[in-house]
Amino acid sequence: MRLLIFPLLFVTSIVPAFADPCHDRFTELLIGGNQKMGPVRLHITQEIVGGKTSLNYHHSDGEGNGMTEMIEPVDDPWSLFIGDNMYRSDDKGKSWSFINSYDAEKSLADMKVAMTKDAAEAMGVACGEEDLEGVAHEVVEGNYNSTMVSGASIYQKYWVNPQTGWIVKSYGHTKSGGFESKTTQLIEPAPDLVLPKPK
């Protein structure tokens with residue numbers, strides 16, 4: 001990591017006129033999210049335009065492992081990602097069935113590369129402030145074309161608590177061909193999170 005510091009400092013020093021703190025902030029939130037904050041619980045509402053709306057909790061340990069707990073539809077299966085393995089539960093987390101294995105480290109690296117490219121080409125990026133439940137929050141938003149979802153254009157907005165640096169809410173609007181979805185995430189710390197350990 002130390003070898004990267006000097007080139008970055010050099011580039012910054014010779015092109016200060018092109019620096020865009022707001023765009024940098026959008027990039028930081030899009031790629032990093034709350035990963036540095038540790039375990040979180042997300043309440044996710046996804047509306048498929050012209051289709052159904054689903055609700056779930058997603059529990060993430062901040063290290064690439066996580067579990068999705070379905071709320072609505074209530075009978076939809078839960079999913080669990082531990083290390084390089086994916087599992088499924090049809091009885092609300094009482095038991096787990098192995099689904100498949102994947103290279104979690106490579107998947108994360110590929111995602112970061114793609115998101116870095118997307119962020120660099122983001123358009124209409126704006127920063128400001130909005131009240132959320134009576135508290136002033138930093139707001140960062142922008143549009144980008146996704147390289148992970150071919151042909152998809154995405155509008156993304158974040159609400160950040162200025163005192164903690166925590167993303168407490170995000171909203172994404174995705175359009176791809178005839179498909180359109182709107183996703184709202186409410187995010188809270190989950191320091192006591194313990195994920196299941198399938199046998």
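Anyway, here's the lowdown on the structure attached to this text. Residue positions are given per chain, counted from 1 along the sequence in the order it is written. Local features in a predicted model are, by the rule used here, given only for residues with pLDDT of at least 70; side-chain atom pairs are given and counted only at 80 or more, and totals for whole chains, interfaces and linings are based on all residues. To get the side-chain values, all heavy atoms of the structure are used, and hydrogens and water are removed first.

### Regarding the nonpolar core
As a reminder, the rule being used: Definition used in this section: a nonpolar core is a set of buried Ala, Val, Leu, Ile, Met, Phe, Trp, Tyr and Cys residues joined via side-chain atoms within 4.5 Å. The rule is simple: take the accessible area with a 1.4 Å probe, protein chains only, and divide by the maximum for that residue type; under 20% is buried, over 50% is exposed, in between is partly exposed. Numbering goes from the N terminus for both helices and strands, where a helix is a DSSP run of H or I of at least four residues and a strand is a run of E of at least two. Whether two residues are in contact is decided by their heavy atoms, any of which lying within 4.5 Å being enough.
Counting residues in each nonpolar core, the largest one holds 17 residues, and the members touching the most others are F26, L29, L30, Y144, Y158, I167 and I187. Contributing elements (two or more residues each) for this core: α2 (21–32), β1 (40–48), α3 (104–120), β8 (135–145) and β9 (153–160). With sequence-adjacent residues up to four places away left out, I187 is seen in contact with N34, V40, R41, L42, W166, I167 and V168. Formed by 7 residues, the second largest nonpolar core is a distinct cluster that contains M70, W78, Y87 and L195.

### Topic: α2
Cut-off, in case you're wondering: Here a helix's expected span is defined as the number of its residues, less one, multiplied by 1.5 Å. An arc is given here, and it is the one of the directions from the helix axis to the C-beta atoms. Any pair of nitrogen or oxygen atoms within 3.5 Å is treated as a polar contact; in protein, a donor-acceptor pairing is required on top of that, and neighbouring residues in sequence qualify only through side-chain atoms on both sides.
Taking 1.5 Å per residue as the helical rise, α2 with its 12 residues ought to reach 16 Å, and the 16 Å between its terminal C-alpha atoms agrees with that figure. Along α2, the residues classified as buried are C22, H23, R25, F26, L29 and L30. Burial along α2 is one-sided: seen end-on, the buried residues are contained in an arc of 160°. Where α2 is buried, its residues meet α3, β7 (123–132), β8, β9 and β10 (167–176). Measuring from the backbone nitrogen of C22 back to the side-chain oxygen at the start of α2 gives 3.1 Å, which picks out D20 as the cap. Two residues or fewer past α2, G33 is found with a positive phi of approximately 55°.

### Some remarks on the packing of α2 against α3
As a reminder, the rule being used: Each axis is a line fitted through C-alpha atoms, and for a helix only the stretch in contact is used; angles between axes span 0 to 180 degrees, taken between their N-to-C directions. Should an angle fall under 35 degrees it is taken as roughly parallel, and over 145 as roughly antiparallel, whereas 65 to 115 is taken as roughly perpendicular and any remaining angle as oblique. Here a crossing is called left-handed whenever its near helix is offset anticlockwise from the far helix by less than a right angle, and right-handed whenever the offset is clockwise. Under this grouping Gly is polar, as are all residues other than the nonpolar Ala, Val, Leu, Ile, Met, Phe, Trp, Tyr, Cys and Pro and the charged Asp, Glu, Lys and Arg.
Two numbers describe how α2 lies on α3: the axes approach to 9 Å, and their chain directions differ by 155°. Between α2 and α3, the interaxial angle falls into the category roughly antiparallel. α2 and α3 meet at a crossing whose hand is right-handed. Within the contact between the two elements, α2 uses H23, T27, L30 and I31 and α3 uses K112, M115, T116, A119 and A120. Across the contact of α2 with α3, the residue classes break down as 5 nonpolar, 3 polar and 1 charged.

### Points about the state of the cysteines
Note on terminology: a disulfide is the covalent bond linking the sulfur atoms of two cysteines. How we decide: Pairs of cysteine sulfur atoms within 2.5 Å are what we label disulfides.
What the rule picks out here adds up to 1 disulfide. Across a sulfur-sulfur distance of 2.1 Å, C22 and C127 are joined as a disulfide pair. Judged by the torsion about the S-S bond (105°), the C22/C127 disulfide is right-handed. Residue C22 is found in helix α2, and its partner C127 is found in strand β7; the two are separated by 105 residues along the sequence. The exposure class assigned to C127 is partly exposed, which follows from its relative accessible area of 41%.

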